[in-house]
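Breakdown of the fold
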Amino acid sequence: MSLHPDAAPASGDGSRPRIALVGSGSALPRARISNGDLSQRVETDDTWIRSRTGIAARRIAGPGETVTSLATAAGQAALEHAGWKAADLDLIVLATSSPDDLFGTAPRVQAALGASNAVAFDLTAACSGFLFALITAAQYLRTGTVRRVLVIGADQLSRWLDWDDRRTCVLFGDGAGAVALEACDAGEDGLLAFRMRSDGSRNGCLTLAQVEEHRPLLGDLTAQVGGFRPIQMNGQEVYKFAVREVPAVLEDLLRSSGLAADRIDWLLLHQANQRILDAVANRLHIPHDHVLTNLAHYGNTSAATIPLMLDEAVRDGRIQPGHLIASSGFGAGLSWGGALLRWRGPVGA
Ligand code: UT7
């Protein structure tokens, strides 16, 4: 199954409202765990983790830190950056695969922000979640249904790791990032093109699946026990999938947009493995100083990686208004996608 924007209908007057990316924010837990720290728990070492992944440390949520608190802090920072009040918001989409409440964590974030006029819902697509949420939010903006949106990616996968499995526990960290999106009538569109893809036939490569235990209920009837098994991943399969599909989807986007790769200011990929970032950049002939990476500090924060990295690069001045960003999310589902984005930033910045 795949989606691309050529099928999107125009709004009533024949022209679609444009989308501006006007603010960003991020939030991280306080506790930092280095590779050396982890080697005290599982049989691993700094050299292996750094050379195979590029990761040196990760942040892990402690007491009082949750998906809600991290998403709220990231969302608040994005609101302030955009110069908006919480009451201005029409929609909050929270991409997460580790919700505080399976019935939805976004409404908790809405309440904590005081965004009483916004509708808020969760979207689950693992490490593609932020990109899928941004594209979803853009459809509401393009049809004129909403004018101001917060798209948040937040995950606390530390909840769902087997901390005795060295193949997975060294890879992930917790965090949140957010982007403020606004409908605008003039100027260049901040979402130039996108693609979304799913392949559920390869779902088994990366799962956070329900436990399969049933307990007796009445007579012969049983009821399934709620709960999830820790993350299971076939790392090599997911790696091969990523280095094949991510360049393909970005090449497809560039080709259909009539853009050469040298027009891209920044390559902003889901931060899963430095070797994946390098392989994609090489394939697209994008110089490595145009590749954004913060894997060393935070590891793979799932739905949070892209907005966390975006916020860092916006705030330290690497990403400037008007810059063209090629982004791709990929991971469990399997799911993947790409988008060509143009950063605008807050008015007057
Ligand atoms: O965010 C969702 C998307 N996720 C990804 O994109 C992840 C994609 N996959 C990867 O990034 C890589 O496959 C990993 C980083 C997960 C693993 O790297 P690899 O180079 O594929 O290693 P491997 O799984 O082939 O394992 C190589 C060896 C094995 O030992 P043997 O069988 O060769 O003796 C593992 O047991 O490395 C061993 N190993 C470790 N050694 C030290 C696995 N994990 C560790 C560890 N420390 N933490």
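Structure report, in brief.

The rules behind the values
- Residues numbered from 1 in each chain as written.
- Predicted model: local features only at pLDDT ≥ 70, side-chain atom pairs only at ≥ 80, totals over all residues.
- Heavy atoms only, no water.
- Helix = DSSP H or I, 4+ residues; strand = E, 2+ residues; numbered from the N terminus.
- Rg over C-alpha atoms; globule rule 2.2 N^0.38 Å.
- Buried < 20%, exposed > 50% of the residue type's maximum accessible area, 1.4 Å probe, protein only.
- Contact = heavy atoms within 4.5 Å.
- Areas by Shrake-Rupley, 256 points an atom, 1.4 Å probe, with all protein chains shown as cover.
- Near = heavy atom within 4 Å.
- Polar contact = N/O pair within 3.5 Å; in protein donor to acceptor, adjacent residues only side chain to side chain.
- Nonpolar A, V, L, I, M, F, W, Y, C, P; charged D, E, K, R; others polar.
- Patch = residues over 30% accessible without salt bridge, like charges linked within 9 Å, V, L, I, M, F, W, Y side chains within 5 Å.
- Salt bridge = Lys/Arg side-chain N within 4 Å of Asp/Glu carboxyl O.
- Pairing = 2+ DSSP bridges.
- Right-handed = clockwise from strand over helix to strand, strands pointing away.
- Arc of directions from axis to C-beta.
- Phe/Tyr/Trp six-rings, centres within 6.5 Å; stacked < 30°, edge-to-face > 60°.

Here we come to the overall build of the protein chain. On a plain count of helices and strands, the protein chain comes out with 10 helices and 16 strands. Taken over the C-alpha trace, the protein chain has a radius of gyration of 20 Å; the compact-globule value for 349 residues is 20 Å, and the two agree within 12%. With the principal axes as the frame, the protein chain shows a C-alpha extent of 60 × 50 × 40 Å. A burial count over the protein chain gives 54% of its 349 residues as buried. Contacts in the protein chain between residues far apart in sequence, at least 24 positions, make up 75% of those at least 6 positions apart. Total accessible area on the protein chain is roughly 14800 Å²; 50% of this is exposed by carbon and sulfur atoms.

Close contacts around the ligand come from 24 residues, with Thr-44, Arg-52, Gln-236, Asn-273 and Asn-300 the closest. Side-chain polar atom of Thr-44 to a nitrogen atom of the ligand: 2.7 Å apart, as the coordinates give it. In the environment of the ligand, an oxygen atom lies 2.6 Å from a nitrogen or oxygen atom belonging to the side chain of Asn-300. Protein contacts shield 74% of the accessible area of the ligand, which totals 960 Å² for the unbound molecule. Of all the elements in the fold, those that place two or more residues in the shell around the ligand are helix H2 (46-53), helix H6 (166-169), helix H7 (235-257), helix H8 (274-284) and strand E15 (324-331). Split into classes, the residues belonging to the shell around the ligand amount to 11 nonpolar, eight polar and five charged.

Another point: the environment of Thr-66. Among the secondary structure elements, Thr-66 is positioned in the loop between strand E4 (57-60) and helix H3 (67-82). Expressed as a C-alpha distance, the spacing of Thr-66 and Asp-289, which sit 223 residues apart in the sequence, is 34 Å. Setting aside chain neighbours within four positions, we find Thr-66 in contact with Asp-100, Gln-156 and Arg-159.

With that settled, the discussion passes to a nonpolar patch on the surface. A cluster of nonpolar side chains, contributed by Leu-217, Leu-218 and Leu-221, occupies part of the molecular surface with about 330 Å² of accessible area. Turning to its location among the elements, Leu-218 is positioned in strand E11 (residues 214-218).

Time to look at the side chain of Ser-302. Tracing the backbone through its elements, the reader meets Ser-302 in the loop between helix H9 (295-298) and helix H10 (305-315). Residue Ser-302 is classed as buried on the basis of its relative accessible area of 2%. Polar contacts involving the side chain of Ser-302 include one to the side chain of Asp-155, which spans 3.0 Å. Ser-302 has contacts with Ala-126, Cys-127, Asp-155, Leu-157 and His-270, leaving out every residue within four places of it along the chain.

Glancing now at the pattern of salt bridges. In the structure shown here, the tally under the stated rule is 21 salt bridges. For Arg-41, the salt bridge is made with Asp-164, and the minimal N-O distance between the two is 3.2 Å. One end of the pair, Arg-41, is in the loop between helix H1 (35-38) and H2; the other, Asp-164, is in the loop between strand E7 (148-155) and H6, with 123 residues separating them in the sequence. For the salt bridge of Arg-195 with Asp-252, the shortest nitrogen-to-oxygen distance reads 2.9 Å. Here Arg-195, found in strand E9 (residues 191-198), pairs with Asp-252, found in helix H7; they are 57 residues apart in sequence, far enough to count as distant. With respect to class, Arg-195 is no different from Asp-252; both count as buried. Several salt bridges converge on common partners, so that one network encompasses Asp-88, Arg-148, Glu-182 and Arg-344.

Of the pairings in the sheet, the one linking strand E5 (residues 91-95) to strand E6 (residues 119-123) comprises five bridges and is parallel in character. In the sheet register, Leu-91 faces E6, and the bridge partner there is Val-119. Remark: the E5/helix H4 (residues 106-113)/E6 crossover connection has right-handed handedness.

This paragraph deals with H8. Taken together, the buried positions of H8 are occupied by Ile-276, Leu-277, Val-280, Ala-281 and Leu-284. Down the axis of H8, the smallest arc covering the buried residues is 130°, so these residues share one side. Check the buried side of H8 and you find it contacts H7, strand E14 (266-269), H9 and E15. In this structure Asn-273 caps H8, since a side-chain oxygen of it lies 2.8 Å from the backbone nitrogen of Arg-275. One or two steps after H8, the chain reaches His-285, where phi turns positive at roughly 60°.

The next point concerns the packing of aromatic side chains. Counted according to the given criterion, the structure contains three aromatic pairs. On the numbers, 6.5 Å between centres and 55° between planes, the contact of Phe-121 with Tyr-140 is tilted. With Phe-121 in strand E6 and Tyr-140 in helix H5 (residues 129-142), this residue pair connects regions lying 19 residues apart in the sequence. Judged by relative accessible area, which is 32%, Tyr-140 ranks as partly exposed.

So, to be careful, I would describe these as geometric facts and stop short of saying anything about function.
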